[in-house]
Amino acid sequence: MASKGAASRLRTGRTPKRADKSPHNFVERLPCEILIKILSSLDASALFSMSHVSKLFYQLANDNALWNKIYTAEFGKNGKCRRKCMDKLLLKMASVELRDCAAGHWKWLFFTTVGVCELNKWKRNLGLISQYTGLPSRTEWALRNLHVTWELTVSDKSGQENTLELSRSQFCETSAYLCWGGGDCLPNYQHISTLQLHGVRRINLICPGLKSPGWRSLMAKLDMQTLTESAEVIGQDQLVELKLLHPGVVIGTWRDQSSIAFIMFTLHFHKLLERSIQGSSVWRRKPQRTSPYLELMAKPPSDDADPEYGLHGYQLHIVLHNTVCSLMSGSFSELFCLRSQISDAHIELTAISRTNLSQHTPLTGSITLPWRCEVLKSAVENCCIMSVTVLDEFRKPFWCVSSPVFMEPGNAAVSYDYDGEHFLIHYRDSDGRVKIELAWVKEQRQYVVIGLVVYVSVSKVNEHFGRDY
């Protein structure tokens, strides 16, 4: 039975100004009791849509009794979602008496509970762990079924913010490529203060023309003043110049200008589901908390019975791709580094040796980074995206990174096997480095990877294993 509270509050409290007596507003001229009776026959999608009609219907469609009825039908004793999937806070909130609830309490509780149940369902079905990547095999599938997308908030130095809807996205084997168009709504490159990346998860409702209820999860907040000082130009074509600001973050600016053509993020799949939906207070009423998702640190494992021997049993999975297709995908197991070979504060893991021809791997396409912005499109030469996953000897992700990289001429020694030009791809961050050597084979008109070495920082190894290398 619908509550009379909402009707009485609208009669006695400060209510929205009633509509005029024109024919098209005849519905709002009905008594509130009748309107609530009509609304009580709607499902969650229709009732949510009605809350966007007017201020009057917003207040009526927030009525606790209406949403309590929907909640009980969905999550009661015979409901579809078992109560054991709900956390203690939701159970406590569901036990509050109707008369003690603020307006909209049961509406919030319904959508929150739906979100929790869906999340638990898809987590259980996330998939087996791939023996090659050490990652859940159905990350993309889970993200799509949970209706996860991403938003980018750009702040200028005056404090003005613009939130951009995702323009394009693409899932690769172990990473996701996200792109936002610049347009006229963004400040010039020099005037940007911060970039904030949020994962956005929405409840699957049939609400034509409306955004369904959802939650934003902070994934990264980047200080542009700090990043622009170390920004590196990784490529350009006749239209745009690519500036690499941070591992995985590229801003494309129009040539000879400071206006932004597009902003690109590449995200590694490791814990991407958790980072996209648990970086903020997703299931709480106060989502102002702005700390990104932090993975709980487990007890450091022992890396070897004899630490003097060094590290062994490591595995590398690497993917080179662009915004259209994959160029290379390979897994390399049983990588090791003797303690005596640890140097320059890094542990060296060789996946492809320059002297072992059987390990050399050809690329399936040219190294270019296609881009598209509104009606313009082109491709930047000698750039691509690299996704690296290093697993420890227990097949657990140890170092994961995805970022655009660029190719430059290499000063390789004379090679009797490859008489074409030689090139290098370098990557470096605080946790490690990657060095890829390539040779151009004129006859086949393709690149061949003739060297691949990963260097993991000693400090990261010591922190992970509790050692003192």
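Here the structure is a predicted model, which means the values were calculated and not measured.

1. Describing the overall build of the chain
Okay, so step 1: Helix and strand content of the chain: eleven helices and 21 strands.
Okay, so step 2: Counting all 469 residues of the chain, 51% fall into the buried class.
Okay, so step 3: Counting only contacts in the chain whose residues sit at least 6 apart along the sequence, the fraction spanning at least 24 positions is 60%.

2. Digging into the pairing of strand β20 (residues 432-441)
Okay, so step 1: Of all ten residues making up β20, eight are buried, and the element is well covered by its neighbours.
Okay, so step 2: Counting the residues between successive antiparallel strands, the hairpin from strand β19 (residues 422-428) to β20 contains three residues.
Okay, so step 3: Note that β20 and strand β21 (residues 446-457) share ten bridges and pair antiparallel. By the bridge assignment for β21, L438 is matched with V449.
Okay, so step 4: Hairpin connection from β20 to β21: four residues lie between these consecutive antiparallel strands, with R445 at a positive phi of about 50°.

3. Notes on the pattern of salt bridges
Side chains that carry opposite charge are capable of pairing whenever their charged atoms lie near each other.
Okay, so step 1: The tally for this structure, following the rule as stated, stands at seven salt bridges.
Okay, so step 2: Of the charged contacts, one joins R395 and E334 as a salt bridge, the two residues approaching to 4.0 Å between their closest N and O atoms. Pair noted here: R395 is in the loop between β17 (383-391) and β18 (397-409) and E334 is in strand β12 (residues 326-338), with a separation of 61 residues, a long-range link.
Okay, so step 3: With a relative accessible area of 33%, R395 lands in the partly exposed category.
Okay, so step 4: Sharing partners across several salt bridges, the network here consists of E151, R202 and R216.

4. Structural notes on the packing of aromatic side chains
Okay, so step 1: Following the criterion strictly, the structure yields 16 aromatic pairs and no others.
Okay, so step 2: Ring geometry for W399 versus Y427: centroids 6.5 Å apart, planes at 35°, classification tilted. Of this pair, W399 sits in strand β18 while Y427 sits in strand β19, and the two are 28 residues apart along the sequence. Residue W399 shares its accessibility class with Y427, and that shared class is buried.
Okay, so step 3: Clustering of aromatic rings is evident, with ring pairs tying together F48, W67, Y71, F75, W106, F110 and F111.
Okay, so step 4: Its guanidinium or amino end placed over the ring of W141, R138 lies 3.7 Å from that ring's centre, counting from NZ or CZ.

5. Notes on the environment of G115
Okay, so step 1: Looking at the element boundaries, G115 is found in helix α7 (residues 105-124).
Okay, so step 2: Counting along the chain gives 88 residues from G115 to I203, while the straight-line C-alpha distance between them is 6.6 Å.

6. Digging into the packing of helix α5 (residues 64-75) against α7
Okay, so step 1: As a packed pair, α5 and α7 sit with axes 7 Å apart at the nearest point and diverge in direction by 25°. Classified by the interaxial angle, the pair formed by α5 and α7 is roughly parallel. Of the two elements, α5 crosses α7, and the hand of that crossing is left-handed. In this structure, α5 contributes N64, W67, N68, I70, Y71, E74 and F75 to the contact, and α7 contributes H105, W106, K107, L109, F110, F111, T113, V114 and C117.
Okay, so step 2: Of the residues that constitute the contact of α5 with α7, the class distribution is ten nonpolar, four polar and two charged.

7. Concerning the confidence of the model for the chain
Okay, so step 1: Per-residue pLDDT for the chain averages 82, and the proportion of residues at 70 or more is 81%.
Okay, so step 2: Segment residues 11-19 is flagged for pLDDT under 50; beyond a separation of four residues in sequence, or across chains, it makes 15 contacts in the model.
Okay, so step 3: Low confidence marks residues 281-289, where pLDDT is under 50. Its contacts with residues over four positions away, or in another chain, come to 20 contacts.

8. Describing the sheet that holds strand β6 (residues 214-223)
Okay, so step 1: With antiparallel pairing, four strands are arranged side by side in an open sheet as β2-β1-β5-β6. Of all strands in the sheet, those with a lone pairing partner are β2 (161-165) and β6, marking the two edges. Geometrically, the sheet is characterised by an average inter-axis angle of 25° between neighbouring strands, direction not taken into account.
Okay, so step 2: Direction of pairing for strand β5 (residues 192-202) relative to β6: antiparallel, over a ladder of nine bridges.

9. Quick look at the pairing of strand β1 (residues 148-156)
Okay, so step 1: Most of β1 sits out of view: eight of its nine residues are buried.
Okay, so step 2: As paired elements, β1 and β5 share nine bridges and run antiparallel to each other. Counterpart to E151 in the pairing with β5 is H198.
Okay, so step 3: Direction of pairing for β1 relative to β2: antiparallel, over a ladder of five bridges. Bridge assignment links L152 to a residue of β2, and that residue is L164.
Okay, so step 4: The antiparallel hairpin formed by β1 and β2 contains four residues in its connecting segment, where G159 sits at a positive phi of about 95°.

10. Digging into unusual backbone geometry
Okay, so step 1: Located in the positive-phi region is E334, a residue other than glycine, with phi close to 55°.
Okay, so step 2: Taking the relative accessible area as the measure of exposure, E334 reaches 52% and is therefore exposed.
Okay, so step 3: Of note in this structure, N382 is not a glycine but carries a positive phi near 65°.
Okay, so step 4: Tracing the backbone shows N382 in the loop between β16 (376-381) and β17.

Rules and cut-offs
- Residues numbered from 1 in each chain as written.
- Predicted model: local features only at pLDDT ≥ 70, side-chain atom pairs only at ≥ 80, totals over all residues.
- Heavy atoms only, no water.
- Helix = DSSP H or I, 4+ residues; strand = E, 2+ residues; numbered from the N terminus.
- Buried < 20%, exposed > 50% of the residue type's maximum accessible area, 1.4 Å probe, protein only.
- Contact = heavy atoms within 4.5 Å.
- Pairing = 2+ DSSP bridges.
- Salt bridge = Lys/Arg side-chain N within 4 Å of Asp/Glu carboxyl O.
- Phe/Tyr/Trp six-rings, centres within 6.5 Å; stacked < 30°, edge-to-face > 60°.
- Lys NZ or Arg CZ within 6 Å of the ring centre and 35° of its normal.
- Axes fitted to C-alpha atoms, helices over the stretch in contact; angles between N-to-C directions.
- Parallel < 35°, antiparallel > 145°, perpendicular 65-115°, else oblique.
- Left-handed = near helix turned anticlockwise from the far one by under 90°.
- Nonpolar A, V, L, I, M, F, W, Y, C, P; charged D, E, K, R; others polar.
- pLDDT = per-residue confidence, 0-100.

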